[in-house]
Structure formats: C-alpha cells, structure tokens
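In case you want the letters, here they are:
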Amino acid sequence: MKDAIIQDLQQRYTAKKYDPSKRVSQQDLAILIEALRLSASSINSQPWKFIVIESEQAKQRMHDSFANMYQFNQHHIKACSHVILFAHKMEYTRADYEGVINKGIQDKRLTEAQKEAAFAVYAFAEANKDANGQHSAWTKSQTYLALGNALHTLARLHIDSTPMEGVDTQLLNEIFADELAGYECHVALAIGYHHESEDYNAALPKSRKALEEVVTVL
Ligand SMILES: Cc1cc2nc3c(=O)[nH]c(=O)nc-3n(C[C@H](O)[C@H](O)[C@H](O)COP(=O)(O)O)c2cc1C
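The following refers to the structure shown.

Attention now goes to the nonpolar core. Core analysis: the largest hydrophobic core is formed by 23 residues, its most contacted members being Ile53, Met62, Val83 and Leu85. Mapped by element, the contributors of at least two residues to this core are strand E1 (48-53), helix H3 (56-64), helix H4 (74-79), strand E2 (82-89) and strand E4 (183-192). With four residues, the top contributor of residues to this core is E4. With near-sequence residues (within four places) excluded, Met62 lies in contact with Ile53, Ile77, Val83, Leu85, Val167, Leu172, Phe176 and Ala188. Grouped together as the second largest cluster of nonpolar side chains are 16 residues, Leu29, Leu36, Ile84 and Leu147 included.

In structure tokens:
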C-alpha cells in the first residue's frame with residue numbers, strides 16, 4: 001500500500017541495537033511528549049505518568065534497574081537517546097476524577113453547573129475495581145493506549161524505538177520511588193536511532209498475521 005501512514009508503519013520496527021552517537025532532537029522529543037499527553041483514555045481518566053529519562057545520571061539509575069532480570073533489555077539504556085517510563089495509578093479515586101472534571105471546566109468543555117452530572121461516568125472506574133479496591137488492570141491498560149500512540153508518532157518522525165515489558169517493576173519502584181510517587185511502571189520505551197551494522201532486526205521483513213485472520217468486515 002502506498003499510503004504514507006502505512007509506509008511509516010511498515011518501516012517502524014523494534015530496534016535491537018542503538019547507535020550511541022545519535023540523539024533525538026529536543027524538538028522531536030517535545031512532539032512525542034505532547035503526543036503522549038494528548039493520548040485518549042477511558043473517561044478521559046489519564047491515570048498515568050510519563051517519566052522521561054534523559055540525563056546520564058537518570059540513565060544509570062534505569063540501567064541499574066536491570067540488576068535482577070530482563071538483562072536482554074539493559075544494553076539499550078545507555079546506547080539509546082531517551083527512555084520513557086509509562087506508569088499507572090494503582091487506585092483511581094473519585095478525587096482523581098474530580099481533577100479531570102475541574103480541568104474540563106478550566107478548558108471550557110463543561111460548566112461548573114454540569115460538574116455533578118459529569119461524575120456519572122466515574123462508574124467505569126468503579127466497575128473496574130478489583131477485590132483489593134485497586135483499579136490497576138484498568139489504569140494499566142490506559143498506558144498501553146499512550147504506548148501505541150507513541151509508537152505511531154515515532155514512526156511518523158522516523159525515530160526508532162523499543163517497547164519493553166521486560167522491566168523490573170519492583171526495582172523501578174525502589175529506584176524511582178520519588179518520581180513514581182505510588183504509580184507503577186510495567187512498560188517502558190527506549191527511543192533513538194538504530195545501529196547501522198549491529199541491529200539485526202532492521203533488515204528483517206515485517207511479519208503480521210494475514211488480514212482475513214484478524215479483521216472481519218460485516
Ligand atoms: C507491549 C510490548 C512489550 C514489548 N516488550 C519487549 C521487550 O521487553 N523487549 C524487546 O526486545 N521487545 C519487546 N517488544 C517488541 C515486540 O516483540 C515487537 O513489537 C513485535 O515482535 C512486533 O515487531 P515490530 O515491533 O518489530 O514490528 C514489546 C512490544 C510491545 C508492544
């Protein structure tokens with residue numbers, strides 16, 4: 001297909017080795033960060049935090065988080081340009097949703113008079129509360145929307161990336177305790193530019209299930 005969107009999505013792939021001499025420009029980084037912020041989420045809950053790891057010091061902390069597991073992802077941290085932690089709030093309270101409503105009033109999407117009625121959709125969060133009073137399965141799934149949005153944005157910017165579910169959530173909780181502040185990270189994204197000769201994935205053809213297998217048009 002010749003479409004520019006499809007071509008960009010065909011070309012994007014998961015980088016397996018980064019060129020440590022190349023860095024994402026601050027201009028492109030700002031576009032990515034704004035795309036993250038604009039991501040859609042159920043009831044506009046936005047139950048996330050995106051932690052952008054840029055400095056050498058922060059990269060060292062991220063590198064250290066692979067001490068116990070998922071070492072196959074560790075080498076990306078210092079070679080890539082930036083790493084983004086996608087973190088979600090474990091419990092999504094009515095007060096959290098009030099923050100969203102108040103911002104909606106500030107942004108002139110709704111009026112003060114509509115505030116109480118706007119709480120009706122908080123039922124979605126209630127419906128997704130587990131036996132421990134946590135909403136983490138629901139809030140975590142929202143971060144994957146932001147991840148997908150990031151992958152598409154990066155494809156269009158021709159920036160390489162590596163989504164990583166291979167992260168040690170427990171150790172990240174300790175090492176980035178101040179920044180996560182009670183949120184949890186189960187997926188991270190390395191971004192940068194692939195190594196010309198050492199990224200085995202760069203030359204492999206894209207492989208996906210056949211259209212008929214995954215799509216039903218009625
Ligand atoms: C949520 C998610 C988690 C992933 N975790 C890892 C990971 O920890 N390490 C890794 O090398 N690749 C990881 N991948 C990359 C996938 O294996 C890859 O996206 C998939 O094989 C499709 O290939 P492509 O991205 O090159 O098109 C992950 C991808 C996604 C979407």
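Counting buried positions along strand E3 (residues 160-164) gives four out of five residues, so the element sits mostly inside the fold. Relative to E4, E3 runs antiparallel, the two being bridged by five bridges. Looking at E4, one finds that Thr162 is bridged to Ala190.

As a further point, take the side chain of Ser136. Position of Ser136 relative to the elements: it lies in helix H8 (residues 136-157). Overall, Ser136 belongs to the buried group, its relative accessible area being 16%.

Taking strand neighbours across the sheet as the criterion, the four strands line up as E1-E2-E4-E3 in an open arrangement whose pairing is antiparallel. Of all the strands in the sheet, just E1 and E3 have a single pairing partner and so form its edges. With direction set aside, neighbouring strand axes in the sheet form an average angle of 20 degrees. Contacting E1, E2 and E4, helix H2 (residues 26-37) runs over the sheet at an angle of about 15 degrees to E2.

One can describe the packing of helix H1 (residues 4-11) onto H8 by two numbers: an axis separation of 9 Å at closest approach and a directional angle of 100 degrees. When the axis of H1 is compared with that of H8, the two are roughly perpendicular. Touching Ile5, Asp8 and Leu9 of H1 are His152, Ala155 and Arg156, all from H8. Of the residues in the contact of H1 with H8, the class split is three nonpolar, one polar and two charged.

What follows covers the packing of aromatic side chains. Applying the stated rule across the entire model yields seven aromatic pairs. On the numbers, 6.0 Å between centres and 90 degrees between planes, the contact of Tyr70 with Phe72 is edge-to-face. The class of Tyr70 is partly exposed, set by a relative accessible area of 33%. A relative accessible area of 56% means that Phe72 is categorised as exposed. Each member of the aromatic cluster is reached from another via a ring pair, and the members are Tyr92, Tyr97, Phe119, Tyr122 and Trp138. In this arrangement the basic side chain of Lys49 is found over the ring face of Tyr183, its NZ or CZ atom lying 4.8 Å from the centre. Lying over the aromatic face of Phe119, Arg94 brings its terminal NZ or CZ to 3.9 Å of the ring centre.

Right, let's talk about the site of the ligand for a bit. Taken together, 15 residues sit near the ligand, with Arg12, Thr14, Lys16, Lys206 and Arg208 positioned nearest. Thr14 places a polar side-chain atom, nitrogen or oxygen, 2.6 Å from an oxygen atom of the ligand. A distance of 2.9 Å separates an oxygen atom of the ligand from a polar side-chain atom of Asn73. The fraction of the free accessible surface of the ligand (620 Å²) that becomes covered by protein chains is 67%. When contributions to the shell around the ligand are tallied by element, the ones reaching two or more residues are H8 and E3. Residue classes in the shell around the ligand are distributed as six nonpolar, four polar and five charged.

Bringing unusual backbone geometry into the picture now. One non-glycine residue with positive phi stands out, namely Gln46, at about 45 degrees. Within the element layout of this structure, Gln46 appears in the loop between H2 and E1. Judged by relative accessible area, which is 32%, Gln46 ranks as partly exposed. Positive phi, normally seen in glycine, also occurs at His158, with a value near 55 degrees. Here His158 shows up in the loop between H8 and E3. What makes His158 partly exposed here is its relative accessible area of 49%.

Cut-offs applied
- Residues numbered from 1 in each chain as written.
- Predicted model: local features only at pLDDT ≥ 70, side-chain atom pairs only at ≥ 80, totals over all residues.
- Heavy atoms only, no water.
- Core = buried A, V, L, I, M, F, W, Y, C linked by side-chain atoms within 4.5 Å.
- Buried < 20%, exposed > 50% of the residue type's maximum accessible area, 1.4 Å probe, protein only.
- Helix = DSSP H or I, 4+ residues; strand = E, 2+ residues; numbered from the N terminus.
- Contact = heavy atoms within 4.5 Å.
- Pairing = 2+ DSSP bridges.
- Axes fitted to C-alpha atoms, helices over the stretch in contact; angles between N-to-C directions.
- Parallel < 35°, antiparallel > 145°, perpendicular 65-115°, else oblique.
- Nonpolar A, V, L, I, M, F, W, Y, C, P; charged D, E, K, R; others polar.
- Phe/Tyr/Trp six-rings, centres within 6.5 Å; stacked < 30°, edge-to-face > 60°.
- Lys NZ or Arg CZ within 6 Å of the ring centre and 35° of its normal.
- Near = heavy atom within 4 Å.
- Polar contact = N/O pair within 3.5 Å; in protein donor to acceptor, adjacent residues only side chain to side chain.
- Areas by Shrake-Rupley, 256 points an atom, 1.4 Å probe, with all protein chains shown as cover.

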